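Okay, here's what each chain looks like letter by letter:
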Amino acid sequence: METKTPLHYLTITLLAVCLQIAAVAQQKLPNVRVLATGGTIAGAGASATGSAYTSGKISIDTMISSVPNIRKLANLKGEQVSNVGSQDMSIKIWLDLATRINELLASSDVDGIVITHGTDTQEETAYFLNLVIKSNKPVVLTGSMRPSTALSADGPLNLYNAVAVAAHAESKGKGVLVVLNDEIHSAHDVKKMISTPVHTFQSPQEGLLGTVIFGQVKFFHGPSGLHTTSSEFSTNGIKDLPKVDIVYCYADASGDMIDYLVKSGSKGIVIAGVGDGNMTEDMLKAVKRATAKGVHVVRATRIPIGAVLIEGEIDDKTYGCISSDDLNPQKARILLMLALLKDRSREELQQLFIQY
Ligand code: GLU
């Protein structure tokens, strides 16, 4: 039998100390969960230089392991919630996502959440979660404009930066955030502004919340509107949301779509109006018919920047409608769906649009 020399014992002791130091260092990293929903960030195409690809092809584990040094930012665990292009994001996935995030964040083992998501409807998911997540821990959405197989794919660095933001102490209490192209946006403000380039997300009215450059986080200011722990909305026990639809206004548009939606059972209608939430005479008459039947109508604008004034060319009281304030039509729809989980007057709904 081999005799142990003092050197043997010293080596074993040193090894044990090193392992302990490594374990402590690992424990000190924040615990971040990455929930994957699909999108171009998980997309794959046949050619690195072609524009054709399919969303939602790559699993979350493959995505995480393709990002160098990402595990130095946080202890990461991935979960696949769905794997769809975000044009197919649904109320069901939103409700599942909200339930899972609230469950995870209630645990002291989870310090932050990253959600990978297609960019087409990312602002909608972010705003929905901003209203129903009951925690001040960071929740960060990210995605990419180029699929994982593309030359200069933007997904890996976006995911790295999103994890850095989710792991950062200053990200707490800022509501749901969107990180893309080195920028940090608030769920309330962010809009997809350009159809295909990597700088698609902008916050044209309120401005960026901050930047994140190779994981270095810098915040400039906080978000606007009530959110997360200060929001009154909850998805607890909710299986579906009331039907709310959007009608686009354009020169000479008729009120037919509004009449049709009322007949088809919509509980609310958001008008993507022209200018300051304006619409044609024919649409206005249809709005009056809709609100007389108890369908709530919100005036938003198809213009990407600026709010809809409560008192403008249209007198909301006369037509029974509501101004969306600074929410675009797709976000106004989300607030109206959540608000209509309860019976509310026109005046109460208007107040919500001012606050959220
Ligand atoms: N259809 C894609 C989606 O939203 C578009 C681009 C992207 O992911 O980002 O899922």
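What this report covers is the structure whose coordinates are included nearby. (Residues numbered from 1 in each chain as written. Predicted model: local features only at pLDDT ≥ 70, side-chain atom pairs only at ≥ 80, totals over all residues. Heavy atoms only, no water.)

1. Things to note about the overall build of the protein chain
Working step 1: For the protein chain, the count of helices and strands is 10 helices and 14 strands.
Working step 2: Counting the 356 residues in the protein chain, one finds 49% classified as buried.
Working step 3: Carbon and sulfur atoms form 55% of the exposed surface of the protein chain, whose accessible area is close to 16,500 Å².
Working step 4: Side chains of the protein chain carry 33 positive and 35 negative charges; the gap between the two charge centres is 5 Å. (Helix = DSSP H or I, 4+ residues; strand = E, 2+ residues; numbered from the N terminus. Buried < 20%, exposed > 50% of the residue type's maximum accessible area, 1.4 Å probe, protein only. Areas by Shrake-Rupley, 256 points an atom, 1.4 Å probe, with all protein chains shown as cover. Lys, Arg positive; Asp, Glu negative; His and termini not counted. Charge placed at Lys NZ, Arg CZ, Asp CG, Glu CD.)

2. Observations regarding the nonpolar core
Working step 1: Counting 49 residues, the largest nonpolar core has Ile101, Ile113, Ile115, Phe128, Leu129, Leu131 and Phe233 as its most contacted members.
Working step 2: The biggest single contributor to this core is helix 3 (residues 91–105), with 9 residues.
Working step 3: Other than its neighbours up to four places away in sequence, phenylalanine 128 contacts Trp94, Leu95, Ala98, Thr235, Leu241, Ile334 and Leu338.
Working step 4: Within the second largest apolar cluster, 29 residues are counted, among which are Ala36, Val163, Ala166 and Ile184. (Core = buried A, V, L, I, M, F, W, Y, C linked by side-chain atoms within 4.5 Å. Contact = heavy atoms within 4.5 Å.)

3. Structural notes on empty space enclosed by the protein
Working step 1: Summed over all chains, the structure comprises 1 cavity of 30 Å³ or more.
Working step 2: What lines the largest cavity is simply Lys191, Thr301, Ile303, Pro304, Ile305, Gly306, Val308, Ser324, Asp325, Asp326, Leu327 and Asn328.
Working step 3: Considered class by class, the residues forming the lining of the largest cavity number 5 nonpolar, 4 polar and 3 charged. (1 Å grid on protein atoms, 1.4 Å probe; cavity = no way out; pocket = protein on both sides within 12 Å on 5 of 7 lines; lining within 4 Å. Points joined across faces, edges and corners; volume = space filled by probe spheres on them. Nonpolar A, V, L, I, M, F, W, Y, C, P; charged D, E, K, R; others polar.)

4. As for the sheet that holds strand 3 (residues 112–116)
Working step 1: A sheet is described by the order of its strands in space; here 8 strands give the open sequence 2-1-3-4-5-6-9-10, paired in mixed fashion. Edge positions in the sheet fall to strand 2 (75–84) and strand 10 (216–219), since each has one partner strand and no second. When strand polarity is set aside, the average angle formed by the axes of neighbouring strands in this sheet is 25 degrees.
Working step 2: Note: strand 6 (residues 183–186) against strand 9 (residues 210–213), 2 bridges, orientation antiparallel. In the strand pairing of strand 9, glutamate 183 is matched with threonine 211.
Working step 3: Helix-sheet contacts for helix 3 involve strand 1 (31–38), strand 2, strand 3 and strand 4 (139–142), and the interaxial angle to strand 1 is about 175 degrees. (Pairing = 2+ DSSP bridges. Axes fitted to C-alpha atoms, helices over the stretch in contact; angles between N-to-C directions.)

5. Examining the site of the ligand
Working step 1: Around the ligand, the structure places Gly39, Thr40, Tyr53, Ser55, Gly85, Ser86, Gln87, Gly118, Thr119, Asp120 and Ser144.
Working step 2: In the model, an oxygen atom of the ligand is placed 2.5 Å from a nitrogen or oxygen of the serine 86 side chain.
Working step 3: A distance of 2.7 Å separates a nitrogen atom of the ligand from a polar side-chain atom of glutamine 87.
Working step 4: In isolation the ligand exposes 270 Å². Once the protein is present, 91% of that is buried.
Working step 5: Residue composition of the shell around the ligand, grouped by class: 1 nonpolar, 9 polar and 1 charged. (Near = heavy atom within 4 Å. Polar contact = N/O pair within 3.5 Å; in protein donor to acceptor, adjacent residues only side chain to side chain.)

6. Here we look at a negative patch on the surface
Working step 1: There is a patch of like negative charges on the surface, built from Asp252, Asp256, Glu281 and Asp282.
Working step 2: Here aspartate 256 lies in helix 6 (residues 256–263). (Patch = residues over 30% accessible without salt bridge, like charges linked within 9 Å, V, L, I, M, F, W, Y side chains within 5 Å. Salt bridge = Lys/Arg side-chain N within 4 Å of Asp/Glu carboxyl O.)

7. Notes on the side chain of serine 266
Working step 1: Here serine 266 is to be found in the loop between helix 6 and strand 12 (268–273).
Working step 2: Its relative accessible area of 3% is what places serine 266 among the buried residues.
Working step 3: Engagement of the side chain of serine 266 in a polar contact is seen with the side chain of aspartate 245, the distance being 2.6 Å.
Working step 4: If sequence neighbours within four positions are ignored, serine 266 has contacts with Lys243, Asp245, Leu261 and Val295.

By themselves these figures say nothing about function.
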